[in-house]
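Below are the chains, spelled out letter by letter.
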Amino acid sequence: MHLLKRIWPLFLLTVFLATFAFFFNSINEKNLIAQRITKIFSAAVSKRKVEVITPVQIITLAPTVVVTLTPTPTPTKIPTPVDPYRNDPDLKDAEWGKAVQVSETGYRMKIGYDSVMATPDETFKALNLYRYTKGKSNLTWDDRLAKYALERATFVCKNGSDGHAGFSDYVEKQEGYKTLGFYSLGENMSTHMKFTGTHLIEWMYAGDEAHDGNQLGDWSHVGVGIFEDCSSLIFGNNMI
């Protein structure tokens, strides 16, 4: 009994110390947990603050603009028409498209030329079409007349118009009618006048009564000669 009394206080002291130690250790763990929670919260707050303080910068690249400098246009002046015949004594006062007689058998005309010259075949077809519109019969192509027409076109193109003098001399003095094979012969010719077939017949040769009457005359055959920008039409009738 005496021993129990002595041990009892020691037992209580031991229990007290154990209880105190447990309580103190529990406080420390709670403090550690609290510190961890505080650190986590602080880090979260700190990170949130960084995100708020430092905004994300969005960089937008502007498209490249190409500037083309257009020079100020200079108004184009309307050219004043120039009459190519203004210094021509025969045609400076003539009307456009109207034939002017310049000699006994020669005529000239103020007119614009074509960029190409007619071919013999084209001219032959244009002549028959023109005669058809005037109620005249078609002409038949003749090689003998065409051969001589080419000689005449070449001559007048190289030497100038002879007023049909060469044709008259050939027919009357050289008995050309026998060579060509016709008792009746006629000639239309042009020098340095570039036309298509239709324009050659319907503009130029139809421009005066003499040439137009000849190409619409009472013929049965024709030959066409073209040399550069010169032409000759030899008409024939009453074949030998």
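Above this text sits the structure in question.
Read on for a plain summary of the structure. (Residues numbered from 1 in each chain as written. Predicted model: local features only at pLDDT ≥ 70, side-chain atom pairs only at ≥ 80, totals over all residues. Heavy atoms only, no water.)

To continue, consider the packing of helix α2 (residues 120-133) against helix α6 (residues 197-204). Where α2 contacts α6, the two axes come as close as 7 Å, and the packing angle between them is 45°. Comparing their axes, α6 and α2 come out oblique. Where α2 crosses over α6, the handedness of that crossing is right-handed. Contacts from E122, T123, A126, L127 and Y130 of α2 reach α6 at G197, T198, L200, I201 and E202. The residue makeup of the contact of α2 with α6, split by class, is 5 nonpolar, 3 polar and 2 charged. (Axes fitted to C-alpha atoms, helices over the stretch in contact; angles between N-to-C directions. Helix = DSSP H or I, 4+ residues; strand = E, 2+ residues; numbered from the N terminus. Parallel < 35°, antiparallel > 145°, perpendicular 65-115°, else oblique. Left-handed = near helix turned anticlockwise from the far one by under 90°. Contact = heavy atoms within 4.5 Å. Nonpolar A, V, L, I, M, F, W, Y, C, P; charged D, E, K, R; others polar.)

Taken in spatial order, the 4 strands line up as β3-β5-β6-β4 in an open sheet, and their pairing is mixed. One side of each edge strand has no neighbouring strand; the edge strands of this open sheet are β3 (140-141) and β4 (182-190). Strand direction decides the pairing type here: strand β5 (residues 221-227) and strand β6 (residues 230-239), joined by 7 bridges, are antiparallel. The residue bridging G225 from the neighbouring strand is S232, located in β6. Along the sheet face, α2 touches β3, β5 and β6 and points at about 140° away from the line of β5. Contacting β3, β4, β5 and β6, helix α3 (residues 143-159) crosses the sheet at an angle of about 35° to β5. (Pairing = 2+ DSSP bridges.)

Relative to the 20 Å expected for 14 residues at 1.5 Å per residue, α2 spans 20 Å between its end C-alpha atoms, a close match to the ideal helical length. Residues of α2 that are buried: T123, F124, A126, L127, N128, Y130 and R131. For α2, the elements touching its buried residues are β3, α6, α7 (209-215), β5 and β6. Positive phi appears at G135, one or two residues downstream of α2, with a value of about 80°. (Expected span 1.5 Å × (residues − 1). Buried < 20%, exposed > 50% of the residue type's maximum accessible area, 1.4 Å probe, protein only.)

Let us now look at helix α4 (residues 165-172). Inspection of α4 places F167, Y170 and V171 among the buried residues, and these make up the whole buried set. One face of α4 carries all of its buried residues, which in axial projection span an arc of 90°. On the buried face of α4, the contacting elements are α3, α5 (176-180), β4 and β6. (Arc of directions from axis to C-beta.)

With that settled, the discussion passes to the environment of V116. Inspection of the secondary structure puts V116 in the loop between β2 (107-109) and α2. Judged by its relative accessible area of 49%, V116 falls in the partly exposed class. Ignoring sequence-local partners within four residues, the contact set of V116 consists of K194, F195 and T196.

Glancing now at the pairing of β4. Counting buried residues along β4, 7 of its 9 residues qualify, which places the element largely inside the surrounding structure. For β4 and β6, the ladder comprises 8 bridges, and the chain directions are antiparallel. Residue pairing for β6: G186 is matched across the bridge by F235.

What follows is about the environment of Q215. Note on placement: Q215 falls in helix α7. A relative accessible area of 0% means that Q215 is categorised as buried. When the C-alpha positions of Q215 and L233 are compared, they lie 8.5 Å apart, and in sequence the two are 18 residues distant. Ignoring any residue separated from it by four or fewer positions in sequence, one finds Q215 in contact with L127, Y130, R131, N188, I201, Y205, A206 and F235.

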